[in-house]
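# Tertiary structure, described
Chain by chain, the residues run as shown.
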Amino acid sequence: MHRRTLSLAAFSIFLTAFTGCGKSGGGGIVIGEFASLTGKEATFGISSHEGTLLAIETLNAAGGVLGKNIELLTEDNQSKAGETSNVVNKLISKDGAVAMLGEVASSRSLEAAPICQESGIPMVSPASTNPKVTEVGDYIFRVCFIDPFQGTVMANFVTKTLKANKVAVFTDVKSDYSKGLAKFFKEGFVKNGGQIVAELDFNGGDKDFKAQLTAIKGATPDAIFVPGYYTDVALIAIQAKQLGIAVPLCGGDGWESQTLLDIGKDAVEGHYFSTHYASDAASPAVTAFVAAYKKRFNGKVPDAMAALGYDSAMFLVDAIKRAGSKESKALRDALAASKDYEAVTGKISINAQRDAVKSAVILQVKDGKFKYLETVAP
Ligand code: PHE
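Residues numbered from 1 in each chain as written. Predicted model: local features only at pLDDT ≥ 70, side-chain atom pairs only at ≥ 80, totals over all residues. Heavy atoms only, no water.

Take the overall build of the protein chain next. When you go through the protein chain residue by residue, the secondary structure sums to 13 helices and 14 strands. Since a compact globule built from 378 residues should have a radius of gyration of about 21 Å, the 20 Å found for the protein chain is in line with a globular shape. Reported as C-alpha extents along the three principal axes, the dimensions of the protein chain are approximately 65 × 50 × 40 Å. Burial analysis of the protein chain (378 residues in total) assigns 55% to the buried set. Counted over contacts in the protein chain with a minimum sequence separation of 6, partners at least 24 positions apart contribute 68%. For the protein chain, the computed accessible surface area is about 15000 Å², with 55% contributed by carbon and sulfur atoms. Charge separation in the protein chain, taken as the distance between the mean sites of 40 positive and 40 negative side-chain charges, equals 2 Å. (Helix = DSSP H or I, 4+ residues; strand = E, 2+ residues; numbered from the N terminus. Rg over C-alpha atoms; globule rule 2.2 N^0.38 Å. Buried < 20%, exposed > 50% of the residue type's maximum accessible area, 1.4 Å probe, protein only. Contact = heavy atoms within 4.5 Å. Areas by Shrake-Rupley, 256 points an atom, 1.4 Å probe, with all protein chains shown as cover. Lys, Arg positive; Asp, Glu negative; His and termini not counted. Charge placed at Lys NZ, Arg CZ, Asp CG, Glu CD.)

Below, the structure is given as structure tokens:
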């Protein structure tokens, strides 16, 4: 207990130094960020935070916005349900954030969105793909595509490229993201003439998946769709291999973390997933971003969550600039009017539902790395 308190305190000092700002009051424009910097989805939170931080530092080096410095205040929700509302309330009422950046996980964005909506604080999610997030209200935006699209992309890939007719679906029932993506995938796959031969559930954070995987094996699918997050997926792949399941596993953007490769090793080889961008894509915007990120973060290659974190911050500040104000209604309207904004992860145009309409990419785990296969336009 004592240890934990100490390490949390140390962490917050580290974070303060890291973000270059601890408390508001410098007269700058305060932007709040909530992220899973620790806990089970930490690699996602750290990536999106690093991308966000790089964007804010770049903007401040170029003079900030509206003649002021941008103060990024970052809070950790520890990947825990219930913690996001605490930190978001604090960022709004105590710190005076004029806008909010976050989160990667849909379940946590869904926790923050009603608070931001009620307070009239525009929120931009970098990577939450569940449709319900922006349905909360007209102050909630995202810079990524949504799961009806992502689910269809993978359904078509499984039908056309893998030529699978029978698929099993293995869903994390604790996650809004997983449940939504499973549903949209199934709809697309059945529409393509495919058959869902098994539907099994798990709870994110489980360690033993053998009972469900045995049932899945018995249904002899041609492929298994697992819309989970990287740690669970790695364990599922290991146990599937131990059970002699040799068909491809497929999933979505929850897979894209180095941790999937570190834990899953050869058990994740050959499997496929959809995500938001490929760091080895040849576009000039991607190349420049990858170089800047590597320079700032000790040679680390940015994943999709890093790229989306960067895009979310740049996109928000562009709207502040266009609004000519940090006032909530003017900022909301400028965000809603965003069109053809050139981001690292592609062009962002905000539609009537306040979602970004963008392409997805499909990657495969190949020789211990993520290999770019194809881009799918909306
Ligand atoms: N796009 C996913 C979501 O909306 C990203 C994610 C997946 C985050 C799995 C955490 C866990 O939730």
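Okay, back to it.
Here we take up the domain arrangement of the protein chain. In terms of domain boundaries, the protein chain breaks down into domain 1 (2-145 + 283-358) and domain 2 (147-275). Placing a centre on the C-alpha atoms of domain 1 and another on those of domain 2 gives a separation of 29 Å. In this complex, domain 1 contributes 18 residues to the contact, which on the side of domain 2 involves 19 residues. With both chains or domains summed, domain 1 and domain 2 bury close to 1500 Å², and 51% of this area falls on carbon and sulfur atoms. Remark: the boundary between domain 1 and domain 2 carries one salt bridge. Here domain 1 and domain 2 share nine residue pairs in polar contact (both at pLDDT 80 or more) between them. Looking at the side of domain 1 that touches domain 2, the elements that each hand over two or more residues are α2 (42-61), α4 (106-119) and α12 (304-323). (Domains from an automatic or database assignment. Buried area = accessible area lost by both parts, 1.4 Å probe. Salt bridge = Lys/Arg side-chain N within 4 Å of Asp/Glu carboxyl O. Polar contact = N/O pair within 3.5 Å; in protein donor to acceptor, adjacent residues only side chain to side chain.)

So, about the site of the ligand. What surrounds the ligand is the set Glu 41, Phe 44, Val 104, Ala 105, Ser 106, Ala 127, Ser 128, Thr 129, Tyr 177, Tyr 229, Asp 253 and Gly 254. In the model, an oxygen atom of the ligand is placed 2.5 Å from a nitrogen or oxygen of the Ser 106 side chain. In this structure, a nitrogen atom belonging to the ligand sits 2.6 Å away from a side-chain N or O atom of Asp 253. Compared with its free state, where it exposes 310 Å², the ligand has 97% of that area covered by protein. Residue composition of the shell around the ligand, grouped by class: six nonpolar, four polar and two charged. (Near = heavy atom within 4 Å. Nonpolar A, V, L, I, M, F, W, Y, C, P; charged D, E, K, R; others polar.)

On to the sheet that holds strand β1 (residues 29-35), then. Pairing is parallel in the open sheet, where five strands are placed in the order β2-β1-β3-β4-β5. Pairing within the sheet leaves two strands with one partner each, and these edge strands are β2 (70-76) and β5 (140-142). For this sheet the average axis-to-axis angle between neighbouring strands, irrespective of direction, equals 25 degrees. Strand direction decides the pairing type here: β1 and strand β3 (residues 99-101), joined by three bridges, are parallel. Bridge assignment links Gly 32 to a residue of β3, and that residue is Met 100. Contacting β1, β2 and β3, α2 runs over the sheet at an angle of about 170 degrees to β2. (Pairing = 2+ DSSP bridges. Axes fitted to C-alpha atoms, helices over the stretch in contact; angles between N-to-C directions.)

Attention now goes to the side chain of Ser 257. Among the structural elements, Ser 257 can be located in the loop between β9 (249-251) and α10 (258-264). Side-chain polar atoms of Ser 257 contact the side chain of Thr 43, separated by 2.7 Å. Residue contacts for Ser 257: discarding those within four places in its chain leaves Thr 43, Phe 44, Tyr 230 and Phe 370.

Moving on: the packing of aromatic side chains. Under the counting rule described, the total for this entry stands at 15 aromatic pairs. A ring pair is formed by Phe 44 and Tyr 230, whose centres lie 4.9 Å apart and whose planes are at 75 degrees; its orientation type is edge-to-face. Taken as a pair, Phe 44 in helix α2 and Tyr 230 in helix α9 (residues 230-242) lie far apart in primary sequence, 186 residues in all. Across this residue pair, the class does not change: Phe 44 and Tyr 230 are buried. Between the aromatic rings of Phe 170 and Phe 209, the centroid separation amounts to 6.2 Å while the plane-to-plane angle is 90 degrees, which identifies the pairing as edge-to-face. Of the two residues, Phe 170 is situated in strand β6 (residues 166-172) and Phe 209 in the loop between β7 (195-202) and α8 (210-218); the sequence distance between them amounts to 39 residues. Its relative accessible area of 0% is what places Phe 170 among the buried residues. Judged by relative accessible area, Phe 209 falls into the buried class, the value being 0%. One aromatic cluster is present, formed by Phe 289, Tyr 293, Phe 297 and Tyr 310 through successive ring pairs. (Phe/Tyr/Trp six-rings, centres within 6.5 Å; stacked < 30°, edge-to-face > 60°.)

This part covers the state of the cysteines. By definition, a disulfide is the covalent link that joins the sulfur atoms of two cysteine residues. Here the structure, examined in full by the defined rule, presents zero disulfides. Cys 116 takes part in no disulfide bond, and the closest cysteine sulfur to it belongs to Cys 144, at a distance of 15 Å. A relative accessible area of 0% places Cys 144 in the buried class. (Disulfide = S-S within 2.5 Å.)

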